[in-house]
Amino acid sequence: MAAVIATTGLTKDYGSTRAVDHLDLTVEGGEVFGLLGPNGAGKTTTILMLLGLAEPTSGKASVAGFDPTRQPLQVKRMVGYLPDNVGFYEGLTGRQNLRYTARLNGLDPKAAEERIDALLDEVGLVESADRPAGTYSRGMRQRLGIADALVKDPRVLILDEPTVAIDPEGVAEILALIRRLADERGVTLLLSSHLLHQVQSVCDRVGIFVAGRLEAVGTVEELARRSPSHRTLAVAAGPGDARPILESIASVTEVEPDPAHPGGWQVTSQDDVAGEVARALVGAGMTLHRLAPVEPDLDLVYRSLHLGRPTEGSGHG
């Protein structure tokens, strides 16, 4: 499909600090693209340039066929935006807040009511629609924010840190909603987050962003394959402490407790060390209970790609 978001050499400087460094990015129609990386990596600055709210120092961008710098109003008509700290009129109900947004966008009142009813149902807020927004939980506010961004029926939806400070059940609801919007509405979604493990399951592709630079793009599996240092095994053996034995293997770079299997270890190495691990543990008189590859995880991929890198873009997320 044709690119709905595209940037070429997009760069933003704040004085002597380079927040975004020659960004080349393509997001295709109907895709959920995750722009992932630590706070201060330049993600929010990128979003502001895509929305026409910040002018690039150099380079260019296109969103739904429009230049955000020269045609910001056209871009705003095509794009729904959920900021990382969405604000509502606290004394108004969720429904009233959506009505206000509909009026700002010039929607016909009757058509607006039908759309608002449908959106409240879509985001799971029908029962809470007539409660003041000030009484909503963080997760409910995020879902209302997504409904608010969808009022004008945008072609593109940009979500900045949509799962921050939400309980696990709320995160699951937000991610399921994001996936439905892409699959059923065909909306193109750009999702910014530093919580890599939360959003990896919902993204068609991800871009690892650090210090203003997009360092790698692809599916989680593709990124894992590109990172030769990313080989992680789940290991459990006994009796005794397996850790010093595992750490003694030449190409092992890290041995950490396995969060999924208490008493076990996650062993990260530069090479395939499964055979060496088995021989070392059995040779030490231990019984091997578990030896299995750990499925690719964006947190592990990110660490293997960027361990020790500077974050000179910090301060302009």
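Cut-off values and rules
Residues numbered from 1 in each chain as written. Predicted model: local features only at pLDDT ≥ 70, side-chain atom pairs only at ≥ 80, totals over all residues. Heavy atoms only, no water. Core = buried A, V, L, I, M, F, W, Y, C linked by side-chain atoms within 4.5 Å. Buried < 20%, exposed > 50% of the residue type's maximum accessible area, 1.4 Å probe, protein only. Helix = DSSP H or I, 4+ residues; strand = E, 2+ residues; numbered from the N terminus. Contact = heavy atoms within 4.5 Å. pLDDT = per-residue confidence, 0-100. 1 Å grid on protein atoms, 1.4 Å probe; cavity = no way out; pocket = protein on both sides within 12 Å on 5 of 7 lines; lining within 4 Å. Points joined across faces, edges and corners; volume = space filled by probe spheres on them. Axes fitted to C-alpha atoms, helices over the stretch in contact; angles between N-to-C directions. Parallel < 35°, antiparallel > 145°, perpendicular 65-115°, else oblique. Left-handed = near helix turned anticlockwise from the far one by under 90°. Nonpolar A, V, L, I, M, F, W, Y, C, P; charged D, E, K, R; others polar. Pairing = 2+ DSSP bridges.

*Asks:* In this structure, what is going on with the nonpolar core? I would like to understand it.
*Replies:* As a rule of thumb, nonpolar side chains are buried together in soluble globular proteins. Core analysis: the largest hydrophobic core is formed by 48 residues, its most contacted members being Ile146, Leu157, Leu159, Ile178 and Leu189. For this core, the leading source of residues is helix α6 (residues 168-185), giving seven residues. Not counting residues within four places of it along the chain, the set of residues in contact with leucine 157 comprises Gly80, Tyr81, Ile146, Ala149, Leu150, Leu181, Val187, Thr188, Leu189 and Leu190.

*Asks:* What is the right way to read the confidence of the model for the protein chain from this model?
*Replies:* The predicted structure's coordinates, where accompanied by low pLDDT, should not be read in detail. The predicted model of the protein chain averages 90 in pLDDT, with 91% of residues at 70 or higher. The least confident element of the protein chain, judged by mean pLDDT, is helix α11 (residues 298-306) at 66; the most confident is strand β4 (residues 58-63) at 98. In the predicted structure, residues 308-315 sits below a pLDDT of 50 and forms 14 contacts with residues beyond four places in sequence or in another chain.

*Asks:* Explain the layout of surface pockets to me, please; I cannot follow it from the model alone.
*Replies:* The gaps left among the atoms become clear once a water-sized probe is rolled over them. Here the largest pocket is characterised by a volume of approximately 550 Å³. Lining of the largest pocket is provided by 20 residues; of these, Tyr81, Thr101, Asn105, Asp148 and Lys152 occupy positions nearest its centre. When contributions to the lining of the largest pocket are tallied by element, the ones reaching two or more residues are β5 (79-82), α3 (94-104) and α5 (138-150). Here the lining of the largest pocket gets four residues from one element, more than from any other, and that element is α3.

*Asks:* How should I be thinking about the packing of α3 against α5 in this particular structure?
*Replies:* For any two helices packed against each other, one specifies the inter-axial angle together with the distance between the axes. Look at α3 against α5: their axes get within 9 Å of each other, and the N-to-C directions meet at 25 degrees. As judged from the angle between their axes, α3 and α5 are roughly parallel. The two elements α3 and α5 cross, and the hand of that crossing is right-handed. In this structure, α3 contributes Gly94, Asn97, Leu98 and Thr101 to the contact, and α5 contributes Leu144, Ala147 and Asp148. Partitioned by chemical class, the residues of the contact of α3 with α5 number three nonpolar, three polar and one charged.

*Asks:* Can you walk me through the sheet that holds strand β8 (residues 205-210) in this structure?
*Replies:* Hydrogen bonds between backbone groups are what pair the strands of a sheet, and the pairing can be parallel or antiparallel. Here we have six strands laid out as an open sheet, ordered β5-β6-β7-β3-β8-β9, and mixed in their pairing. Because the sheet does not close on itself, it has two edges, and the strands there are β5 and β9 (213-218). The average undirected angle you get between the axes of adjacent strands in this sheet is 15 degrees. Note: β8 against β9, five bridges, orientation antiparallel. In the sheet register, glycine 207 faces β9, and the bridge partner there is valine 217. The strands that α5 touches are β5 and β6 (156-160); relative to β5, the one it contacts most, it runs at about 160 degrees.

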